[in-house]
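Read off the chains here:
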Amino acid sequence: MPVKFKLTVEKARERVAKFCQKIADSNLNLSTWGNISCYLPDEEQVVITPSGMSYKELRPNMQVVVDMKGEVLEGELKPSSELKVHLAIYTHRSDVRAVVHTHSAYASALAVSGIPIPPILEDMAALIGGEVSVAEYAMAGSEQLAENTIKALGDKNAVLLANHGVVGVGRNLEEAFDVCMMVERCAQIYILARLAGDPKILCPEDVSALREFYLYKYGQR
Ligand SMILES: [Zn+2]
């Protein structure tokens, strides 16, 4: 019998710190923008990056532990200013264990134009589960932005925030990070495809089948 891996607060802080380094090495964010969190279901706590700190400098003990009301339980630093968005997602989506928020360029170009990314590629359909919709604009850090985000996210794994950026979610940090990379890649391809001609969109039946396969049959089991 495989031993079930238990994510402790200490491990979660290490993992969030590891993904801070991955974000720093990616082209997804400029400077200190964006944020990362993961959820501990047994403790009903969230480990989130602190506000306005360079990703390269973020160590495990600098990650902030909060409860579901956003009260700081552990950590010296102020949590990310987008904490409300993260908490709203964990409250509304019991399948989500990690959230990554980025300001990547091509996805932001579509977010600025209010253009959703339709399901144009098989890997996108599998990982994200369909269209990446655009959440209506609200000021960063506001309760309204959290509401608009969960409304536009629905049961998908990614959403664009109007005039702002991207939120990717997943069953773990690897998946949420991959979702943000995928959104950026699909945004780039979609913009090019629109310039080249008339992009063809995958039909809902194929999107569902690709998603089901990814969730229940893909990879080594
Ligand atoms: Zn942001």
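All figures in this text were calculated on a predicted structure; none of them were measured in a lab.

**Quick notes on the coordination of the zinc ion**
Alright, step 1. The protein atoms that coordinate the zinc ion are His101 (NE2), His103 (NE2) and His164 (NE2), at distances spanning 2.0 to 2.1 Å.
Alright, step 2. Expressed as a motif, the donor residue spacing for the zinc ion is H-x1-H-x60-H.
Alright, step 3. Under the relative-accessibility criterion, His101 is labelled buried at 3%.
Alright, step 4. Relative accessible area serves as the criterion here: at 25%, His103 is assigned to the partly exposed category.

**Considerations on the environment of Ala135**
Alright, step 1. Looking at the element boundaries, Ala135 is found in strand β6 (residues 134-135).
Alright, step 2. Ala135 sits in the buried class, given a relative accessible area of 1%.

**Remarks on the environment of Gly165**
Alright, step 1. Checked against the element boundaries, Gly165 lands in strand β8 (residues 165-170).
Alright, step 2. Residues Gly165 and Val134, spaced 31 residues apart in sequence, show a C-alpha to C-alpha distance of 9.6 Å.

**Comments concerning the sheet that holds strand β2 (residues 45-48)**
Alright, step 1. Strand order in the open sheet made by the eight strands is β4-β3-β2-β1-β5-β8-β7-β6, with mixed pairing throughout. The open sheet has two edge strands, β4 (72-74) and β6, and neither has a second partner.
Alright, step 2. Together, β6, β7 (158-161) and β8 form the strand contacts of helix α3 (residues 105-113), whose direction differs from that of β7 by roughly 60°.
Alright, step 3. Across the sheet, helix α6 (residues 173-196) is in contact with β1 (35-40), β5 (98-102), β7 and β8; its angle to β8 comes to roughly 145°.

Conventions and cut-offs
Residues numbered from 1 in each chain as written. Predicted model: local features only at pLDDT ≥ 70, side-chain atom pairs only at ≥ 80, totals over all residues. Heavy atoms only, no water. Donors = N, O, S within 2.8 Å, 3.2 Å for Na, K, Ca; no water. Buried < 20%, exposed > 50% of the residue type's maximum accessible area, 1.4 Å probe, protein only. Helix = DSSP H or I, 4+ residues; strand = E, 2+ residues; numbered from the N terminus. Pairing = 2+ DSSP bridges. Contact = heavy atoms within 4.5 Å. Axes fitted to C-alpha atoms, helices over the stretch in contact; angles between N-to-C directions.

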